[in-house]
Amino acid sequence: MCTLDRAHIRIGRELHRSRERLMAEAAVDVFGYGLAAGLSPIVLIATVILLTSGSGRTNGVLFMGGFVLTIAAICTAVLLIADRVVSAPSDQTLEVLMELGIGLVLLAAAWTERPGRDPAEGGGSRSQRLFARLDGASAPVAFGIGALLVVLPKRLAITVLAGMVIATAGLAITDDLVLDGLYVLTASALVWMTVVAALLERTGHRVRRLAGLRHPVHRLGPPGAAPVEGRSARPAR
């Protein structure tokens, strides 16, 4: 009986170590995909333009919401679909999924590397037109542009590939969802960190302004009391 219990404990430890190893390997891959999808000067500039617009706080939060929610929806949907496909008995499932993901990434790279529009034709580049629309954008437009930037070919392909990598890692669904959250946080870090920093800076500025208003009131003291901190009263005329 003792020998059987020890065998069960040893097997449990080995399974736990195997799970930790698979989790760590998948987390490294997912983090790399998140960085590849999130590092974008266009996304950063768009975030800054919205934060400095007339309704900067509202537009910035809505832009962040559209960006984060769209990434989460796409990655989670791909994860659940691919997880169901992997659960089906098939020897070539993993190979087909990986080939599909690689093909999407290659198509995205070809799309981004195609020749740009000649400025002489007028109208400016797509980025310039996007930035011009962001300046003074309404709340629904800010949310929509945040979602639109996610479904651009390169970021969409990386998100799909990340979802398939998570699904084929051989982990439990709870671990898959943790990796899903890791990808979403990493891929959208440039947006939510910029928005949160701007909101905290504005909040700190308001707190300092309130402290500045409170300070002279504190110096004057209650009505009818003598001024404090060595401040002399005005002579009566």
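So, here is what we can say about the structure in this document. Computed from a prediction, not measured in an experiment: that's the story for all the values here. (Residues numbered from 1 in each chain as written. Predicted model: local features only at pLDDT ≥ 70, side-chain atom pairs only at ≥ 80, totals over all residues. Heavy atoms only, no water.)

1. Describing the overall build of the chain
Basically, it comes down to this: Every helix listed is a DSSP run of H or I at least four residues long, and every strand listed is a run of E at least two residues long, numbered separately from the N terminus. The contact criterion used throughout is that any non-hydrogen atoms of two residues lie within 4.5 Å. Note on areas: these come from Shrake-Rupley sampling with a 1.4 Å probe, and a residue is covered only by the protein chains present in the view.
The helix and strand tally for the chain stands at 9 helices and 0 strands. In sequence order, the chain lays out its α and β elements as α-α-α-α-α-α-α-α-α. A separation threshold of at least 6 residues defines the contact pool for the chain, and within that pool the share at least 24 residues apart is 80%. Of the accessible surface of the chain, which amounts to about 15200 Å², a share of 65% is contributed by carbon and sulfur atoms.

2. Some remarks on the environment of threonine 58
Mapped onto the elements, threonine 58 comes out in helix H3 (residues 56–87). The spacing of threonine 58 and alanine 142 is 84 residues in sequence and 9.0 Å in space, taken between C-alpha atoms.

3. Side note on the nonpolar core
Rule in force here: By convention a nonpolar core is built from buried Ala, Val, Leu, Ile, Met, Phe, Trp, Tyr and Cys residues, the set being connected through side-chain atoms within 4.5 Å. Type-normalised accessible area, obtained with a 1.4 Å probe on protein chains alone, sets the label of each residue: buried when under 20%, exposed when over 50%, and partly exposed for intermediate values.
One finds Phe63, Phe67, Ile71, Leu134, Leu149, Tyr183 and Val191 to be the most contacted residues of the largest nonpolar core, which totals 42 residues. The set of elements that each furnish at least two residues to this core consists of helix H1 (2–38), helix H2 (41–51), H3, helix H5 (126–134), helix H6 (139–150), helix H7 (153–167), helix H8 (173–187) and helix H9 (189–220). Per-element accounting of this core gives the leading share, 9 residues, to H3. Discounting chain neighbours no more than four positions away, the residues touching phenylalanine 63 are Val43, Ala46, Thr47, Leu50, Ala142, Phe143, Ile145, Gly146, Leu149 and Val191.

4. So, the environment of valine 151
Along the chain, valine 151 turns up in the loop between H6 and H7. On the basis of relative accessible area, valine 151 is assigned to the partly exposed category, the value being 39%. It is 8.2 Å that separates the C-alpha atoms of valine 151 and threonine 70, two residues lying 81 residues apart in sequence. Those residues within four positions of valine 151 in sequence are excluded, and the remaining contacts are Thr70, Ile74 and Leu156.

5. Side note on a nonpolar patch on the surface
As a reminder, the rule being used: Patches were defined on residues exceeding 30% relative accessible area and lacking a salt bridge, with like-charge contacts within 9 Å and nonpolar side-chain contacts (Val, Leu, Ile, Met, Phe, Trp, Tyr) within 5 Å. Throughout this description, the term salt bridge denotes a Lys or Arg side-chain nitrogen within 4 Å of a carboxyl oxygen of Asp or Glu.
Together, Phe31, Leu35 and Leu39 line one region of the surface with nonpolar side chains, adding up to about 290 Å² of accessible area. The topology assignment puts leucine 39 in the loop between H1 and H2.

6. Some remarks on the side chain of threonine 47
Basically, it comes down to this: A 3.5 Å cut-off defines polar contacts: any pair of N or O atoms within that distance qualifies, except that in protein one atom must be a possible hydrogen donor and the other a possible acceptor, and neighbouring residues in sequence count only when both atoms are side-chain atoms.
Tracing the backbone through its elements, the reader meets threonine 47 in helix H2. A polar side-chain atom of threonine 47 sits 2.7 Å from the main-chain carbonyl oxygen of valine 43. For threonine 47, the contacting residues outside a window of four places in its chain are Phe63, Val191, Thr194 and Val195.

7. Structural notes on H6
Where we set the bar: Under the convention used throughout, the expected extent of a helix is 1.5 Å for every residue step, that is, one less than its residue count.
Its 12 residues give H6 an end-to-end C-alpha distance of 18 Å, which sits within 8% of 16 Å, the value for a rise of 1.5 Å per residue. Within H6, the full set of buried residues consists of Ala142, Ile145, Gly146, Ala147, Leu149 and Val150.

8. Some points on the packing of H7 against H8
Rules: Axis definition: a line fit to C-alpha positions, over the contact stretch in the case of helices; interaxial angles, taken between N-to-C directions, run 0 to 180 degrees. Any angle from 65 to 115 degrees is called roughly perpendicular, while one under 35 is roughly parallel, one over 145 is roughly antiparallel, and all others are oblique. Working rule for handedness: look at the near helix, and if it is turned counterclockwise from the far one by less than a right angle, call the crossing left-handed; if clockwise, right-handed.
Here H7 crosses H8 at 155°, and the two axes come no closer than 10 Å. With respect to H8, the axis of H7 lies roughly antiparallel. In this structure, H7 meets H8 at a crossing whose hand is right-handed. Taken together, the residues of H8 that come into contact with H7 (itself represented by Arg155, Ile158, Thr159, Ala162 and Ile166) are Asp176, Leu179, Asp180 and Tyr183.

9. Topic: the side chain of threonine 186
Here threonine 186 lies in helix H8. You can call threonine 186 buried: its relative accessible area is 10%. Those residues within four positions of threonine 186 in sequence are excluded, and the remaining contacts are Phe31, Gly34 and Leu35.

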